[in-house]
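So the chains spell out like this:
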Amino acid sequence: MISVDHALEKVLEHVAVLEAEEGPILSCLGQVLAEDIFSSINIPPLDNSAMDGYAVRSADTLGASHKLPRILRVIDTVAAGAVSQSEVGPGTAIRIMTGAPIPEGADGVVRFEDTDESERQGIPAEIGVLIEVAPGAEIRRAGEDIAAGSLVLSQGTALRASEVGVLASLGCSKVKVVRRPVVAILATGDEIMDITQSLSGGKIYNSNSYSLAALIQRYGAVPKMLGIALDNEDSLLSKLRRGLNADMVLTSGGVSLGDYDVVREVLAREGKIVFWRVREKPGKPLVFGLLKGRSKGGRVKSIPFFGLAGNPVSAMVNFELFARPAILKMMGRKNLTKPTVQAVVEDAIENTDGRRVFTRVMVAKRGGGYFARLTGPQGSGILTSMALANGLAIVPEDKPGVKPGDVVEVMMLDWSEEVE
Ligand code: AMP
Ligand code: MG
């Protein structure tokens, strides 16, 4: 049996960053840039107005005040998207809208509120300026956001909504990103039935394939359902076949010491076992290895294979601890760790046999501190204990437990790890 930390090290040693693909920017949300992005344009493209008002020559407004307005002749109006053909000469102004380019001759903008426009009828022929306008006032400079030629986003950046927006602002419709892994999922067990069938005696519905597929999607990979295998090697092998060109394979069930637990034998025969059993609770029977598969081009490849325990909580916890970081590494992510908080526990947690214990808790913030409460019975078959939780409280291997009032580290499941 190996430790959680050692197991994660082994997993990460056996996965590599996938190759790049090109995609439309919106479908690349959550993916990692495989190229540097430079700008060929200035953003904004021209000096433009930050306000609705009048473009003026600042010198014309020297000494202007509410008592002594400077009267200027209005020679044009310019809206965003248009360019005025007129030049602001001495004693004149051009009415200008937010985003419109600053006309020739003007070096500042005065807001409507700082003119007497509201006292005049319609679009006035003259305007009184009520304040002194500083040179450059209310002007957004060409290139102040992004200068032409500059590096805007570098290779390795994970694309969030703001990066997708920045790419669009550059007129960039497609980018090269690290491709999303395809993760095949196979449930095992004679008792497992598809959710579209009606239940008969002794059977249960396949929840694992769905919780795992949802996690795979959440972290940006692509689930591929292989269905349900019976508890024998032939059935397992034939169902696995469709997963042999995937980038990762997850099975659930059949990894313990029961009479019908055949996953390890099949993995040993069709690839190799890297480790079996981790000093953790839940999820101890986890097996990890490499399965011999084939890439689309027909080349032999090694597919990271996780034989997750069948208990629904164990399967999900082991996904979060091991498969999730492996997927993120394949996607080119640098930060593979979930955020943690230090929380005061409100219930006791036991650790009877020196494993690292992950207990489902609901963390709430009260008076500036975090408090963690157990989400009811913690059996690894009780999937609703996950549904009620937003985190996993961690009791270290070397601690016999914690009592109410102690501080524990909680891995926050609901918080993503997108800060890199
Ligand atoms: P196993 O690891 O195969 O011994 O399974 C452990 C427990 O998890 C058993 O009670 C199984 O019925 C249950 N289980 C296994 N696979 C699934 C699944 N796909 N969905 C829901 N429960 C499962
Ligand atoms: Mg089973």
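Treat the numbers as computed from the prediction; the structure is a model and nothing was measured.

Observations concerning the site of ligand 1
Part 1 of the reasoning: Not every one of the 15 residues close to ligand 1 is listed here, only the nearest: Glu-191, Asn-206, Ser-207, Gly-254 and Gly-310.
Part 2 of the reasoning: At 2.6 Å from an oxygen atom of ligand 1 is found a side-chain nitrogen or oxygen belonging to Glu-191.
Part 3 of the reasoning: Between a nitrogen atom of ligand 1 and a main-chain N or O atom of Asn-208, the distance comes to 3.4 Å.
Part 4 of the reasoning: Contact with the protein chains hides 78% of the accessible area of ligand 1, taken as 490 Å² for the molecule alone.
Part 5 of the reasoning: Of all the secondary structure elements, the ones that give two or more residues to the shell around ligand 1 are strand E12 (182-188) and strand E14 (204-205).

Comments concerning the pairing of strand E20 (residues 300-308)
Part 1 of the reasoning: Relative to E20, strand E16 (residues 248-252) runs parallel, the two being bridged by four bridges. Looking across to E20, one finds that Ser-252 is bridged to Leu-308.
Part 2 of the reasoning: By the bridge criterion, eight bridges tie strand E19 (residues 287-294) to E20 in an arrangement that is antiparallel. What sits directly across from Val-287, in E20, is Gly-307.
Part 3 of the reasoning: The antiparallel hairpin formed by E19 and E20 contains five residues in its connecting segment, where Gly-298 sits at a positive phi of about 95 degrees.

A word on a nonpolar patch on the surface
Part 1 of the reasoning: Residues Ile-195, Leu-199, Tyr-205, Tyr-210 and Met-225 make up a contiguous nonpolar surface patch of about 430 Å² in total accessible area.
Part 2 of the reasoning: Secondary-structure assignment places Leu-199 in the loop between strand E13 (192-193) and E14.
Part 3 of the reasoning: Judged by relative accessible area, which is 42%, Leu-199 ranks as partly exposed.

Topic: the packing of helix H1 (residues 4-13) against helix H6 (residues 312-330)
Part 1 of the reasoning: Contact geometry of H1 with H6 gives a least axis separation of 10 Å together with a crossing angle of 30 degrees. As far as their axial angle goes, H6 and H1 are roughly parallel. Note on packing geometry: the crossing formed by H1 with H6 is right-handed. Between H1, through Val-4, Ala-7, Leu-8, Val-11 and Leu-12, and H6, the contact on the second element is made entirely by Leu-321, Phe-322, Pro-325, Ala-326 and Lys-329.
Part 2 of the reasoning: Its residues assigned to classes, the contact of H1 with H6 shows nine nonpolar, no polar and one charged.

What counts and what doesn't
Residues numbered from 1 in each chain as written. Chains lettered and ligands numbered in written order. Predicted model: local features only at pLDDT ≥ 70, side-chain atom pairs only at ≥ 80, totals over all residues. Heavy atoms only, no water. Near = heavy atom within 4 Å. Polar contact = N/O pair within 3.5 Å; in protein donor to acceptor, adjacent residues only side chain to side chain. Areas by Shrake-Rupley, 256 points an atom, 1.4 Å probe, with all protein chains shown as cover. Helix = DSSP H or I, 4+ residues; strand = E, 2+ residues; numbered from the N terminus. Pairing = 2+ DSSP bridges. Patch = residues over 30% accessible without salt bridge, like charges linked within 9 Å, V, L, I, M, F, W, Y side chains within 5 Å. Salt bridge = Lys/Arg side-chain N within 4 Å of Asp/Glu carboxyl O. Buried < 20%, exposed > 50% of the residue type's maximum accessible area, 1.4 Å probe, protein only. Axes fitted to C-alpha atoms, helices over the stretch in contact; angles between N-to-C directions. Parallel < 35°, antiparallel > 145°, perpendicular 65-115°, else oblique. Left-handed = near helix turned anticlockwise from the far one by under 90°. Contact = heavy atoms within 4.5 Å. Nonpolar A, V, L, I, M, F, W, Y, C, P; charged D, E, K, R; others polar.

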